Amino acid sequence: MAGHESGDLRLAGISKQFEAFTAVHPLDLTVPAGSFFALLGPSGCGKTTTLRMVAGLEEPTGGRILIGDKDITDTRAYQRNVNTVFQSYALFPHMSVVDNVSFGLKRRGDKNADRKAKEALELVQLGEVARKRPSQLSGGMQQRVALARAIVNRPDVLLLDEPLGALDLKLRRQMQIELKRIQSEVGLTFIHVTHDQEEAMTMADTIAVMNSGRVEQLGDPATLYEHPRSTFVANFLGQSNLLRATVDRGEGNGVVEVTSHGHRLEVRRDHVPAGVRDIWLGVRPEKLRLGDSGGPNRLSGQVTDVSFTGVATQYLVRMPWGRELVVVQQNDGSGRARAGETVTISWAAEHGFALDASQDADAGAQLEDDHG
Amino acid sequence: MRWIRKHLLAFAALAVLVYMLVPNVVVALFSFNKPSGRYNYEWTKFSTDAWQHPCGTPGICDSLGLSLKIGITASVVATILGTMVAFALGRHRFRGRASTNLLIFMPMATPEVVMGSSLLTLFVMMGVPSGSGAILIAHIMFCLSFVVVAVKARVAALDPRLEEAAADLGATPVQTFLRVTLPLTAPGIAAGALLAFSLSFDDYIITNFNASPSSITFPMYVWGASTRGTPVQINVIGTIMFLVALVVVIGGQLLGSRRQRAAA
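Engineer: For the overall build of chain A, give the residues involved together with the corresponding values.
Structural biologist: Scanning chain A from terminus to terminus reveals nine helices and 20 strands. Principal-axis analysis of the C-alpha atoms gives chain A an extent of 75 × 45 × 40 Å. Within chain A, the fraction of its 372 residues that count as buried is 42%. Put simply, of all contacts in chain A between residues at least 6 apart along the chain, 65% involve residues at least 24 apart.

And the structure:
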């Protein structure tokens, strides 16, 4: 289907109900043509169900799916110009690698199926194993065959279901870069489902963070990281230190003054949601400095744990009210601290963000730890 | 001593092989015998008479032909029905699935004598005449269970994602079945068919209950003959059957290993 004009993928109020369980609440999402889009969330958040509905492998309970102006909701999987790279790869074990790759083209009666399949294998650098069986290849190679088998059809939308989940860390990093390269080379719309926040941030232009069948927040990786709008996003994407605080009347030049455990702290006005008085004040661990050099916000506590990770050192600092803050310092020669020492930590007003205090401070936190 | 201990497993394997092959070797050997009396139980003299006239005893080739006909028909019908049953049981959740599973297993667990006699009662009650028709129905019935068991194991091991992947790549349900599902379950179907054929060809008890004087199968012929004398032709046909089975098994093995080599 070379030269096929593909449009944006639009999900309009799409939902999925399994008997009493709602896997996906009515969801509106637009994925621009040619973008690398990630659906990120813990297992059971509805991201894979959403993906399977786009593929046509799961029938939505409600809502419409459109590609460009074409409504594909009622079409079957084999009628859609959408291809999937499955988590288990799902390569046909009784066919050679090249027959696997040309399978889709042959179903469409493409005369040049074999030549195109070989080209696709070249693209993923597997031209020399075309005649082998999938079982004779390593996990990483199988993953690339699965990718070639999908992209060779030039689908309107390519779906990737945790495609790197089965690979070891080093290979995964390599494949992340490879996937990104291939996506920009072929210019297809990629939708990538993953529970790995680092993977999503590395690869995607836009991330939708999903939790319990709903999209919590949608945006580019930097915005999601710097300005999370919920405690779930703050904890699921990287780590966050959350301090319970109350907004004061005091209005400075562009900053709002807040009180947390008796300390006066400030945060940029546009980082505070309008009309909220009780907040969680969030700061990322790497924005905190040991000492006074970070900015006007200062707290002091006792170092309880120091872990050296090579590039950086991570400190746990216990506040007088019991909560431990995480501080990450680059190992760039700046001051160090030892366990037991009492230290001051500081940060600037623009590095803080505020979230409505009605939410659970630990939402999304332990989930992220589960997956390392 | 060390050497013996090291190769103990090989000795054990060899002993088992000899134990299993000796009867076949004896059968083959005595097919070249020229017995002095009516019984082919003592070695008398080397001869190829029986090999030159395998149908030389009246009725033997008729019974062989009937057994082959019933065996092939029963295994083809049982394989088609059994494969469909196996897919239904393996893929779908429906009312009566558990009881179907149990019923399928019943013929395997029931003693043959019981099954043969009750089938005869049933056929008499229903007015089905004894003979090759009744035998065929009975054989299809018990072969079905074995086909279902063989194919169901294969269907259960089949990753449903493979069929989803085929549909995802644009294969219609029929294409998916012919190009993905069927080739991947084929070894189970073939095993079921071969098993069905050999069970049907071999069966004596159930067949005997439902046979008529005009439907003498090969096992019945051999049993009947042994009371009056054992023609050497029985050994000839027995040896041929053994060789055919050997060729099928070795051929299957070679095909499998050549495929693996070709893929390497």
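Here the narrative resumes.
Engineer: Can you explain the pairing of strand β2 (residues 21-31) of chain A? Please cite residues and give values.
Structural biologist: All names here are of chain A. Bridging between strand β1 (residues 9-18) and β2 involves seven bridges; their strand directions are antiparallel. By the bridge assignment, L11 is partnered in β2 with L29. Where β1 hands over to β2, the hairpin turn is made up of two residues, of which E19 adopts a positive phi near 45 degrees.

Engineer: Describe in detail the interface of chain A and chain B, supporting the description with residues and values.
Structural biologist: Contact with chain A, which involves 19 residues of that partner, is made by 17 residues of chain B. For the side of chain A that touches chain B, the elements supplying multiple residues, two or more each, are β6 (82-85) and α2 (97-107) of chain A. Examining the composition of the side of chain A that touches chain B, we find that three residues originate from one element, α2 of chain A, more than from any other. In the side of chain A that touches chain B, the residues fall into eight nonpolar, seven polar and four charged.

Engineer: Could you give me a rundown of the sheet that holds strand β17 (residues 312-318) of chain A, with the residues and numbers involved?
Structural biologist: Residue and element names in this part refer to chain A. The five strands lie next to each other as β15-β19-β16-β17-β18, forming an open sheet whose pairing is antiparallel. The sheet is open, and its two borders are formed by β15 (289-290) and β18 (324-330), each paired with just one other strand. Judged from the seven bridges that link them, β17 and β18 form a sheet pairing that is antiparallel. Across the sheet, residue A312 finds its bridge partner in β18, namely Q330.

Engineer: Lay out the domain arrangement of chain A with the relevant residues and their values.
Structural biologist: As far as domains go, chain A holds domain 1 (9-226) and domain 2 (238-370). For domain 1 of chain A and domain 2 of chain A, the distance between their C-alpha centres works out to 37 Å.

Engineer: For the sheet that holds strand β3 (residues 36-40) of chain A, give the residues involved together with the corresponding values.
Structural biologist: Residues and elements named next belong to chain A. The sheet built from six strands is open, its strands ordered β6-β7-β8-β3-β9-β10 with mixed pairing. The sheet is open, and its two borders are formed by β6 and β10 (214-219), each paired with just one other strand. Across the sheet, the axes of successive neighbouring strands diverge by a mean angle of 20 degrees, strand direction being ignored. Two elements, strand β9 (residues 206-211) and β10, share five bridges in a ladder whose sense is antiparallel. Within β10, the residue paired with N211 across the bridge is R214.

Engineer: How would you explain the confidence of the model for chain B if you had to name every residue and give the values?
Structural biologist: Looking at chain B, the pLDDT average stands at 89 and 98% of residues meet or exceed 70. For this predicted complex, the interface confidence score (ipTM) comes to 0.80, while the overall pTM stands at 0.79.

Engineer: So what's going on with unusual backbone geometry? Which residues, and what values?
Structural biologist: Residue and element names in this part refer to chain A. A positive phi angle, close to 70 degrees, is found at Y89, a residue other than glycine. With respect to the helices and strands, the residue Y89 is situated in the loop between β6 and α2. For Y89, a count of 21 C-beta atoms within 10 Å gives the class buried. Phi is positive for R154, close to 45 degrees, though the residue is something other than glycine. With respect to the helices, strands and loops of the structure, R154 is situated in the loop between α4 (139-151) and β7 (157-161).

Engineer: An account of the packing of α2 of chain A against helix α3 (residues 113-123) of chain A is requested, with residue identities and associated values reported.
Structural biologist: Geometry of a packed helix pair, given as the angle between the helix axes and the separation of the axes. All names here are of chain A. One can describe the packing of α2 onto α3 by two numbers: an axis separation of 8 Å at closest approach and a directional angle of 125 degrees. Classified by the angle their axes make, α2 and α3 are oblique. Every pair of crossing elements has a handedness; the one defined by α2 and α3 is right-handed. Residue-level inspection shows V97, V98, V101, S102, L105 and K106 of α2 in contact with α3, the latter providing A113, D114, K116, A117, K118, A120 and L121. Looking at side-chain class alone, the contact of α2 with α3 contains eight nonpolar, one polar and four charged residues.

Engineer: Got a sec to walk through α2 of chain A? Specific residues and values, please.
Structural biologist: Extensive coverage of α2 of chain A is indicated by the burial of nine of its 11 residues. All of the buried residues in α2 of chain A are V97, V98, N100, V101, S102, F103, G104, L105 and R107 of chain A. Turning to α2 of chain A, the residues buried within the fold contact β6, α3 and α4 of chain A together with α9 (173-202) of chain B. Just beyond α2 of chain A, the residue with positive phi is G109 of chain A, at close to 70 degrees.

Engineer: I'd like a description of the nonpolar core, backed by residues and values.
Structural biologist: Membership of the largest hydrophobic core comes to 94 residues, with the highest contact counts inside it found for V54, A148, I191 and V209 of chain A. Not counting residues within four places of it along the chain, the set of residues in contact with V54 of chain A comprises L9, I65, V82, V157, L159 and I191 of chain A. A74, I104, F142 and V232 of chain B belong to the second largest nonpolar core, which has 40 residues in total.

What counts, and where the lines are drawn
- Residues numbered from 1 in each chain as written.
- Chains lettered and ligands numbered in written order.
- Predicted model: local features only at pLDDT ≥ 70, side-chain atom pairs only at ≥ 80, totals over all residues.
- Helix = DSSP H or I, 4+ residues; strand = E, 2+ residues; numbered from the N terminus.
- Buried ≥ 20, exposed ≤ 12 C-beta atoms within 10 Å, placed from the backbone.
- Contact = placed C-beta atoms within 7 Å.
- Pairing = 2+ DSSP bridges.
- Nonpolar A, V, L, I, M, F, W, Y, C, P; charged D, E, K, R; others polar.
- Domains from an automatic or database assignment.
- Axes fitted to C-alpha atoms, helices over the stretch in contact; angles between N-to-C directions.
- pLDDT = per-residue confidence, 0-100.
- Parallel < 35°, antiparallel > 145°, perpendicular 65-115°, else oblique.
- Left-handed = near helix turned anticlockwise from the far one by under 90°.
- Core = buried A, V, L, I, M, F, W, Y, C linked by C-beta atoms within 7 Å.

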